[in-house]
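Spelled out from the first residue to the last, the chains are:
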Amino acid sequence: MMPLSMVEEKRLVRIVRIIGGRGFVSRVMNMGINEGEIIKVLNNTRGLLLISLGNSRIALGRGASFRIFVEYVKKG
Amino acid sequence: MGYKIALAGNPNSGKTTVFNLLCGAREKIGNWPGTTVEKKQGYFTYQDERIEVVDLPGTYSLSAYSIDERIARDFLIKEKPDLVICVIDASNLERNLYLVIQLLEMGQPLLLDLNMMDIVGKSKIRIDTQKLSKILGTDIVETVASKGKGIKDLKEKIIVNLEKDIRKPFKIDYQNLESTIEEIILLLKDKEISLNISPRAAAIRVLEQGFDLLKEIENNTIPHIEEVKNKAERELSRFTGEDLETFIIERRYAFLKGVVKECVKKEISLEDRLTFSDKLDKVLTSRILGIPLFLFFMYLLFQMVFSLGSPIADLVDGFFGSLAESAKLFFENQNLPFWAGSLVSDGIISGVGSVLVFLPNIVFLFLGISILEDSGYLARAAFVVDRFMHALGLHGKSFIPMLLGFGCNIPGIMAARTLESRKDRILTILVNPLMSCSARLPVYILFASAFFPKNQGLIVFSLYILGIILAIFVAKVFKHMFFKGEVAPLVMELPPYRIPTIRNVLLSMWTRSSLFVKKAGTIIFLGVVLVWLLSSLPLGVGYAGENSLIGKFGKILAPLFKPAGFGFWQAGVALVFGILAKEVMVGTLGTLYGATEEGLKAVLLQQFTPLSAYAFLIMTLIYIPCIAAIATIKRETNWKWAALAVSYSLILGWVLSVLFYQIGKIFTG
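What this report covers is the structure whose coordinates are included nearby.

What counts, and at which threshold
- Residues numbered from 1 in each chain as written.
- Chains lettered and ligands numbered in written order.
- Predicted model: local features only at pLDDT ≥ 70, side-chain atom pairs only at ≥ 80, totals over all residues.
- Heavy atoms only, no water.
- Helix = DSSP H or I, 4+ residues; strand = E, 2+ residues; numbered from the N terminus.
- Buried < 20%, exposed > 50% of the residue type's maximum accessible area, 1.4 Å probe, protein only.
- Contact = heavy atoms within 4.5 Å.
- Areas by Shrake-Rupley, 256 points an atom, 1.4 Å probe, with all protein chains shown as cover.
- Buried area = accessible area lost by both parts, 1.4 Å probe.
- Salt bridge = Lys/Arg side-chain N within 4 Å of Asp/Glu carboxyl O.
- Nonpolar A, V, L, I, M, F, W, Y, C, P; charged D, E, K, R; others polar.
- Pairing = 2+ DSSP bridges.
- Axes fitted to C-alpha atoms, helices over the stretch in contact; angles between N-to-C directions.
- Phe/Tyr/Trp six-rings, centres within 6.5 Å; stacked < 30°, edge-to-face > 60°.
- Lys NZ or Arg CZ within 6 Å of the ring centre and 35° of its normal.
- Polar contact = N/O pair within 3.5 Å; in protein donor to acceptor, adjacent residues only side chain to side chain.
- Patch = residues over 30% accessible without salt bridge, like charges linked within 9 Å, V, L, I, M, F, W, Y side chains within 5 Å.

Another point: the overall build of chain B. Regarding its fold elements, chain B presents 31 helices and nine strands. Relative to its full complement of 669 residues, chain B shows a buried share of 58%. Taking contacts inside chain B between residues at least 6 apart in sequence as the whole, the part at least 24 apart equals 73%.

What follows is the structure, given as structure tokens:
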């Protein structure tokens with residue numbers, strides 16, 4: 001498990017845990033960023049991330065990507 | 001009688017396109033006074049039935065985190081539309097359905113519009129709409145709004161749904177919480193509170209969000225309910241380790257997962273999907289090229305505004321010049337009183353004309369912004385500059401209000417609503433007036449073309465940059481003084497890139513530009529008439545002379561601006577009238593000197609030096625926002641912040657223009 005901010009570009013990861021204040025957690029959940037979802041990191045500029053989740057592309061600032069914990073999904 | 005329907009949906013679901021297609025050119029932008037409301041309103045007629053349509057702000061949920069969401073929620077609860085059309089991005093079904101089930105839980109009559117079906121068609125996803133319709137208990141229409149497909153069908157279904165009330169009870173199983181929900185429903189019944197939503201929805205709302213909604217209705221909390229809620233919270237955290245809100249959201253998604261599994265076939269894996277949009281993003285948002293490309297696009301935008309706008313502006317100027325001439329001749333030939341001719345030609349035509357001259361530039365600016373917006377780049381720009389904005393204590397999303405501020409500060413200030421945190425929002429609002437709005441552009445262009453004919457673009461660009469630098473500086477200071485603490489993290493969906501549709505771009509350019517023309521017809525018109533009147537009184541005085549009322553008034557102000565190099569009364573008067581609306585400054589100068597653009601330039605060249613002209617532009621950029629902007633700041637925050645915005649800008653503007661002039665004098669001798 002590691003913060004999303006550390007994931008390299010092009011990697012697929014599964015969301016394990018989202019921490020943070022109530023407002024933050026439910027806000028990202030409302031946008032579909034939930035535990036168990038698989039996302040792909042398209043772009044990672046020192047913690048500023050562009051991810052793909054289903055058909056949507058979501059930008060995450062550093063403050064957000066440090067609070068979302070993920071694990072690698074084995075390819076194949 | 002007429003029906004009232006509302007359009008709801010996630011951001012980027014194509015809601016506004018559907019709205020424009022439904023209402024056609026008859027759309028009007030409604031901006032309700034009082035509360036912070038911005039919903040678009042229009043209507044259409046179908047089979048002799050007049051139907052009013054309200055386009056709500058795009059939201060992911062009805063949780064009321066940001067003001068946008070609150071507007072949508074309040075509208076649904078308080079205004080009770082007869083039907084809500086929920087526009088859904090079909091290529092993103094699960095997330096989009098979240099809002100749908102919240103609406104269904106509220107007991108809202110609903111019609112689903114599965115939009116962007118063309119994208120679904122292209123990928124390997126198949127949606128079983130019949131099954132979906134059955135599970136959710138609502139009718140479904142398929143559309144491709146960007147191509148205008150399915151709108152007739154949508155209109156038909158709207159009528160059908162309005163005429164039959166096919167509301168079916170909709171229930172999600174909240175497992176552990178069901179008994180608590182029942183308990184609260186009973187308590188609410190005891191109180192006989194007239195809720196506009198179903199008791200079950202109200203109970204869930206209390207558990208999820210607390211008492212905000214009940215407080216609004218009852219003006220206080222209900223002690224029993226609070227007890228029940230706290231007990232449920234404790235138990236839930238003991239059994240599942242989660243808080244109420246997270247648990248409820250998770251249950252809803254669990255339900256949705258089931259729905260999507262039932263109705264959607266063959267979801268292809270993420271691996272092999274690198275769309276055209278992603279490829280573009282690789283370049284446009286890349287670490288190295290992101291910021292340079294961003295600056296390049298901004299430069300292109302301003303180049304377009306000037307190189308395309310200015311030749312047309314010259315034509316407009318010529319037109320108003322000869323119009324003023326012939327008006328004067330007409331009044332002389334008809335033996336009408338001299339003052340009438342002067343009012344029409346010196347006052348109205350010169351004044352309003354000198355403002356409308358800049359319409360071409362403004363139209364091109366709005367055209368550019370609309371293209372950036374519609375293509376999807378604007379959201380990327382917010383992403384690209386987030387790190388930079390963060391360093392300044394602002395939020396990446398603050399960028400969009402700032403950019404809109406270049407068009408007009410009022411929409412800029414209102415766009416700050418999308419920021420979730422109050423601190424970030426107020427900060428963004430406070431510095432927004434430092435973004436050079438299009439109303440200041442006429443003043444810049446007038447002076448730049450008179451004093452720096454070879455470097456017009458550069459001079460104007462430098463003022464825009466100065467405004468940005470100041471915004472950064474002011475934000476830093478205010479952040480330190482009033483809003484210590486962390487900036488809320490950026491979480492923002494980026495819409496896919498697409499070729500902007502001519503219709504959308506032109507429509508949004510038109511609505512924005514027509515506001516400017518309307519202003520020219522109202523505030524600016526009144527402003528120039530007032531200036532003319534003050535310039536002509538007392539009777540018998542030379543028009544706009546030193547002894548006219550306005551001259552005397554200006555003379556009182558003039559010494560204040562002497563250290564900045566423009567200590568003559570015309571400049572002082574122009575600045576005061578600029579508070580009405582910044583464009584009025586050009587009109588005022590036009591009226592005071594009785595000339596349209598070319599003549600005005602000649603007079604200005606005699607009064608200003610290039611140095612004092614630039615100092616004057618610095619003042620114009622910074623000092624006091626226009627009345628409309630002050631009113632908007634007050635409406636979006638409160639009097640305290642509005643007063644701060646007025647006072648800091650006045651002091652900062654004066655200090656900087658004086659500093660610039662005095663230091664410049666040393667170098668130029």
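So, about the overall build of chain A. Along its length, chain A carries two helices and six strands. Along chain A, helices and strands appear, N-terminal first, in the series β-β-α-β-β-β-α-β. Residues classed as buried in chain A amount to 63% of the 76 residues present. Taking all contacts inside chain A whose residues are at least 6 apart in sequence as the whole, residues at least 24 apart take part in 59%. A total of about 2,900 Å² of accessible surface is found on chain A, and carbon and sulfur atoms cover 52% of it.

The parts lose accessible area when they come together, and the size of an interface is often stated as this lost area. Between chain A and chain B, the contact holds 43 residues from the first and 40 residues from the second. On the chain A side of the interface with chain B, the three residues burying the most area are A:Arg27, A:Asn30 and A:Arg57, jointly 20% of the side's total. Across the chain A-chain B interface, the total number found is two salt bridges. The partner of B:Lys257 in a salt bridge is A:Glu37, and the shortest N-O contact between them spans 3.0 Å. Where the side of chain A that touches chain B is concerned, the elements lending two or more residues are α1 (22-30), β3 (38-45), β4 (48-53), β5 (56-60) and α2 (62-65) of chain A. Ranked by the residues each element gives to the side of chain A that touches chain B, the list is headed by α1(A), at nine residues. Tallied by class, the residues present in the side of chain A that touches chain B amount to 18 nonpolar, 14 polar and eleven charged. Of the strand pairs in this sheet, β5(A) and strand β9 (residues 491-494) of chain B are connected by four bridges, and their pairing is antiparallel. By the bridge assignment for β9(B), A:Leu60 is matched with B:Val491.

Attention now moves to the side chain of B:Thr246. In this fold, B:Thr246 is placed in helix α11 (residues 244-263). Contacts of B:Thr246, omitting those with residues within four sequence positions, involve A:Val25 and A:Met29.

A few words now on the sheet that holds strand β1 (residues 2-3) of chain A. Read from one edge of the open sheet, seven strands run β1(A)-β6(A)-β2(A)-β3(A)-β4(A)-β5(A)-β9(B), paired in antiparallel fashion. Edge positions in the open sheet fall to β1 of chain A together with β9 of chain B, since each of these has one partner strand only. Sitting on the sheet, helix α16 (residues 377-384) of chain B is in contact with β4 and β5 of chain A together with β9 of chain B, with an inclination near 145° to β9(B).

All chains considered together, the criterion is met by 16 salt bridges over all chains. For B:Lys15, the salt bridge identified is with B:Asp55, shortest N-O distance 2.9 Å. Linking B:Lys15 in helix α1 (residues 15-23) with B:Asp55 in strand β3 (residues 49-55), this pair joins segments that are 40 residues apart in sequence. Exposure remark for B:Asp55: the relative accessible area of 4% places this residue in the buried category. Overlapping salt bridges, with partners in common, bring together A:Glu37, B:Glu94 and B:Lys257 in one network.

Residue and element names in this part refer to chain B. What the rule picks out here adds up to 22 aromatic pairs over all chains. Ring geometry for Phe-330 against Phe-331: centres 5.9 Å apart, planes inclined by 90°, an arrangement best described as edge-to-face. A relative accessible area of 45% places Phe-330 in the partly exposed class. The exposure class assigned to Phe-331 is buried, which follows from its relative accessible area of 16%. Their ring planes at 80° and their centres at 6.1 Å tell us that Tyr-444 and Tyr-464 sit as a pair that is edge-to-face. Linking Tyr-444 in helix α21 (residues 441-451) with Tyr-464 in helix α22 (residues 456-482), this pair joins segments that are 20 residues apart in sequence. For the pair Tyr-444 and Tyr-464, a shared accessibility class is recorded, and that class is buried. An aromatic cluster is defined as three or more aromatic residues linked by ring pairs; in this entry it consists of Phe-447, Phe-451, Phe-561, Phe-566, Phe-568, Phe-608 and Phe-616. Lying over the aromatic face of Tyr-623, Lys-582 brings its terminal NZ or CZ to 4.3 Å of the ring centre.

The subject of this paragraph is unusual backbone geometry. Positive phi values are uncommon outside glycine, yet A:Lys10 reaches one of about 75°. A relative accessible area of 53% places A:Lys10 in the exposed class.

We now examine the environment of B:Glu493. Looking at where B:Glu493 falls in the secondary structure, it is placed in strand β9. On the accessibility criterion, B:Glu493 (9% relative accessible area) is buried. With residues up to four places along the chain from it excluded, the contact list for B:Glu493 reads A:Met31, A:Ser56, A:Arg57, A:Ile58, B:Pro11, B:Asn12, B:Tyr60, B:Asn92 and B:Arg95. Engagement of the side chain of B:Glu493 in a polar contact is seen with the side chain of B:Tyr60, the distance being 2.8 Å. Here B:Arg95 takes part through its side chain, which lies 2.8 Å from a polar atom of the side chain of B:Glu493.

Let us look at the environment of B:Leu284. Residue and element names in this part refer to chain B. Relative to the helices and strands, Leu-284 is located in helix α12 (residues 276-284). Leu-284 sits in the buried class, given a relative accessible area of 10%. A sequence separation of 96 residues divides Leu-284 from Arg-380, and the C-alpha atoms of the two residues are 7.8 Å apart. Beyond its immediate chain neighbours, meaning those up to four positions away, Leu-284 contacts Gly-290, Leu-293, Phe-297, Tyr-377, Val-384 and Tyr-497.

Turning to a nonpolar patch on the surface, a few remarks are in order. Residue and element names in this part refer to chain B. On the surface, a cluster of nonpolar side chains totalling about 910 Å² of accessible area is made up of Leu-560, Leu-650, Ile-651, Trp-654, Val-655, Leu-659, Ile-663, Ile-666 and Phe-667. In terms of residue count, helix α31 (residues 639-668) provides more of the nonpolar patch than any other element does, eight residues in total. One can find Leu-650 in helix α31.

So, about the pairing of β3(A). Residues and elements named next belong to chain A. Counting buried residues in β3 gives seven out of eight residues, a clear majority hidden from the surface. Bridge count between strand β2 (residues 12-18) and β3: three bridges; the pairing is antiparallel. What sits directly across from Leu-12, in β3, is Lys-40. The pairing of β3 with β4 spans five bridges and is classified as antiparallel. Counterpart to Lys-40 in the pairing with β4 is Ser-52. Between the antiparallel neighbours β3 and β4 lie two residues, among them Arg-46 with a positive phi of about 45°.

On to the sheet that holds strand β2 (residues 40-46) of chain B, then. All names here are of chain B. Here we have six strands laid out as an open sheet, ordered β2-β3-β1-β4-β5-β7, and mixed in their pairing. The open sheet has two edge strands with one neighbour each: β2 and β7 (139-142). The sheet shows a mean angle of 25° between the axes of neighbouring strands, taken without regard to direction. Sheet topology places strand β1 (residues 3-9) next to strand β4 (residues 83-89); five bridges connect them, and they run parallel. Within β4, the residue paired with Ile-5 across the bridge is Leu-83. The strands that α1 touches are β1, β2, β3, β4 and β5 (110-115); relative to β2, the one it contacts most, it runs at about 45°.

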